[in-house]
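Coordinates in review
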Amino acid sequence: MASTTNKKKRIRVWTPEDRAAHRVFEKSRREAFNDSMIDLARQIPSLARTRRLNKHMIVDHSIVRHQVQRQLCVDAAQEIRSLLAERDELLMEVNQWRSTGG
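Every value quoted in this text rests on a predicted model; they were computed, and no experiment measured them.

**Remarks on the overall build of the chain**
A tally of helices and strands in the chain yields two helices and zero strands. The C-alpha atoms of the chain give a radius of gyration of 29 Å, which is well past the 13 Å a tight globule of 102 residues would have. Taken along its principal axes, the extent of the C-alpha atoms in the chain is 95 × 60 × 20 Å. Among the 102 residues that make up the chain, the fraction classed as buried is 7%. Summed over all atoms, the accessible surface of the chain reaches about 9900 Å², with 57% contributed by carbon and sulfur. Seen as two clouds, the 20 positive and the 13 negative side-chain charges of the chain have centres 15 Å apart.

Rules used throughout
Residues numbered from 1 in each chain as written. Predicted model: local features only at pLDDT ≥ 70, side-chain atom pairs only at ≥ 80, totals over all residues. Heavy atoms only, no water. Helix = DSSP H or I, 4+ residues; strand = E, 2+ residues; numbered from the N terminus. Rg over C-alpha atoms; globule rule 2.2 N^0.38 Å. Buried < 20%, exposed > 50% of the residue type's maximum accessible area, 1.4 Å probe, protein only. Areas by Shrake-Rupley, 256 points an atom, 1.4 Å probe, with all protein chains shown as cover. Lys, Arg positive; Asp, Glu negative; His and termini not counted. Charge placed at Lys NZ, Arg CZ, Asp CG, Glu CD.

Structure, rendered in C-alpha cells:
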C-alpha cells in the first residue's frame, strides 16, 4: 500500500539576482508571445483594418477563421469524392461500350 505522506512544497529563497534574471526571462517570453499574436493577427483578413487589437479578439477571429477553413476543406473533400464517383461511373460505362462494341 502506498504511503500518503504530505510533501512540503519547496520554498525558494529569491535573491535579487534571481529576481532580475526572472524578470528578464519573463519579459522575453511575453515579447515572444506578443510577437506571435501579431503574426497571427496579420494572417486574419477580418483583422486587417482593425486599429486596436487585443489578444481576445485575435483568438476569437482565429477560431472563426479556422472553422471556416475547416468547413471549406470538408466541402472540397466531399466534392472530390463526388467527382471520383462520377469518374468511376463513366469509366464503367466506357468499358461496357468497349466490351459490347468489340
